[in-house]
Amino acid sequence: MMRLPKFDYRVPREIAEAVRIIAGSGPEGQFVAGGTDLYPNMKRRQQTPRTVISVMRVPELHQITGDGQKGIRIGASVTLTDIVEHPLINRDYPVIAHAARTISTPILRNMGTIGGNLLLDTRCNYYDQNYEWRKGINFCLKKDGDVCWVAPGSSKCWAVQSSDLVPVMVAIGAKFRLASTLGERMIDAAGFYNDDGIDYLKKRPDELLVDIHLPPLNGWRASYQKLRRRGAFDFPVLGVAAFVQLEPGNGSGQAAQVKNARLVLGGIGPAPVEVKEAAEALIGKPLDDDRIQEAAEAAYVKARPLDNTDFVMNWRKQMTRQYTLRALQELISRD
Ligand SMILES: Cc1cc2nc3c(=O)[nH]c(=O)nc-3n(C[C@H](O)[C@H](O)[C@H](O)COP(=O)(O)OP(=O)(O)OC[C@H]3O[C@@H](n4cnc5c(N)ncnc54)[C@H](O)[C@@H]3O)c2cc1C
Ligand code: SF4
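Residues numbered from 1 in each chain as written. Chains lettered and ligands numbered in written order. Predicted model: local features only at pLDDT ≥ 70, side-chain atom pairs only at ≥ 80, totals over all residues. Heavy atoms only, no water.

Attention now goes to the site of ligand 1. Every one of the 32 residues lining ligand 1 counts as a neighbour, but F31, A33, T36, T113 and D164 are closest to it. At 2.8 Å from an oxygen atom of ligand 1 is found a side-chain nitrogen or oxygen belonging to N117. With respect to ligand 1, the backbone of D234 contributes an N or O atom lying 3.0 Å from an oxygen atom. Computed on the free molecule, ligand 1 has an accessible area of 970 Å², of which 92% lies beneath the protein chains in the complex. Mapped by element, the contributors of at least two residues to the shell around ligand 1 are β2 (29-32), α7 (114-118) and β8 (208-214). Broken down by element, the residue count for the shell around ligand 1 peaks at three residues, all from β2. Along the lines of polarity and charge, the residues of the shell around ligand 1 split into 15 nonpolar, 12 polar and five charged. (Near = heavy atom within 4 Å. Polar contact = N/O pair within 3.5 Å; in protein donor to acceptor, adjacent residues only side chain to side chain. Areas by Shrake-Rupley, 256 points an atom, 1.4 Å probe, with all protein chains shown as cover. Helix = DSSP H or I, 4+ residues; strand = E, 2+ residues; numbered from the N terminus. Nonpolar A, V, L, I, M, F, W, Y, C, P; charged D, E, K, R; others polar.)

Following this line, the structure appears as structure tokens:
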């Protein structure tokens, strides 16, 4: 049986108290929300904080405010189940409810939070193993070792960004609010993730994720398609988030044109990958089958999955085309 290492457990009731505690804990401090990612990692000795600070008793982090017209703010400690069941999120941001519904199992969604999901550790077949297994291969670059077993010549870790909500947040243009004893800052989801499996967030360890700001609905729609082995349970090994904003037709036969578009791939590298070439194939044109095929081809060309998750990497690359087609076709089928 894998046991947790010893640690001090702190339960602040306010944001100011939470950031004070982590600032005083130095590099040995870490926040925890539902613990569905952090506690297994601690049992495997991948992360070993001496002070664990729960963010579950801070009321402000549980709030959901606003609506589709103004935009919605979701507190970082809102559980995935609450996201899946929230009437306003289902009505105005169905893509968020849908992506959250694909995460893990109902029990884990009852514990797991949106904040924890957006800050999820990167994953790799050579890393998500117990301590003895990792010791057996002399560890790896990400923790305790000095070689990457996926790309032995590489000085970089290629562990994979494996959250379902991350590509969606980037595609729709969400923003995150961070707090520390130094003050607050807002950061775009698109600029929040580093293409490095070890240093994968542009967030200091002492910064608390306070809430997530979803943009107002001004004619955009979005969809998410997830590839995984078991539909009831698994992490994504490819996630495709598609976002388009349409300009209505002119009423004299001209079809609606795509005003803005973003296509973001998750589960194929350390950071979500925005396929600008796919957006270029769509913008200024009608959202029809030819454009969708062109965008799907661009996604296929851009995708470079590595051999460190489930399924053969070439097949995952092939599936990028297919899942992009599905994500974009879903957007047309809503008319
Ligand atoms: C069997 C299994 C299957 C899973 N399947 C999926 C899946 O299909 N898709 C998917 O996306 N995820 C999956 N997960 C991962 C995980 O359950 C979810 O991502 C969940 O949302 C994590 O949330 P949490 O609150 O439990 O995070 P925690 O474990 O509490 O925290 C995760 C990280 O975020 C940090 N953190 C949490 N809250 C804050 C905050 N407010 N400010 C600063 N730092 C914070 C923690 O320090 C930690 O580094 C799975 C996990 C398991 C165990
Ligand atoms: S990509 Fe390489 S360094 Fe990163 S976790 Fe996997 S084996 Fe380790």
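Past the structure itself, the notes keep going.
Our next topic: the pairing of strand β7 (residues 183-188). Sheet analysis places strand β6 (residues 175-180) next to β7, joined by six bridges and oriented antiparallel. Counterpart to K175 in the pairing with β7 is D188. A loop of two residues connects β6 with β7, the two strands running antiparallel in sequence. (Pairing = 2+ DSSP bridges.)

Core analysis: the largest hydrophobic core is formed by 43 residues, its most contacted members being I96, M169, I172, F176 and L214. With seven residues, helix α9 (residues 165-172) is the single largest residue contributor to this core. With residues near it in sequence (within four places) discarded, M169 still touches I96, I114, L118, A174, F176, A189, I212 and L214. Core analysis: the next-biggest nonpolar cluster, separate from the first, contains 30 residues, L265, V273, A295 and A327 among them. (Core = buried A, V, L, I, M, F, W, Y, C linked by side-chain atoms within 4.5 Å. Buried < 20%, exposed > 50% of the residue type's maximum accessible area, 1.4 Å probe, protein only. Contact = heavy atoms within 4.5 Å.)

For the rest of this paragraph, the subject is the site of ligand 2. Surrounding ligand 2, one finds C124, Y126, Y127, C140, L141, K142, C148, W149, V150, C157, W158 and A159. With respect to the pocket detection grid, ligand 2 is positioned in the largest cavity. Residues of the shell around ligand 2, tallied by class, amount to 11 nonpolar, no polar and one charged. (1 Å grid on protein atoms, 1.4 Å probe; cavity = no way out; pocket = protein on both sides within 12 Å on 5 of 7 lines; lining within 4 Å. Sits in = over half its atoms within 2 Å of the grid points.)

According to the stated counting rule, one finds two cavities of 30 Å³ or more in the structure shown. Here the largest cavity defines a volume of roughly 90 Å³. Around the largest cavity sit 13 residues that line it, and C124, C140, C148, V150 and C157 are the ones nearest its centre. In the lining of the largest cavity, the residues fall into 11 nonpolar, one polar and one charged. In this structure, the second largest cavity encloses a volume near 60 Å³. Forming the boundary of the second largest cavity are N117, L118, L120, D121, T122, Q161, S162, S163, V166, Y193, Y200 and P270. Per-class residue counts for the lining of the second largest cavity are six nonpolar, five polar and one charged. (Points joined across faces, edges and corners; volume = space filled by probe spheres on them.)

Structural measurements only, silent on function.
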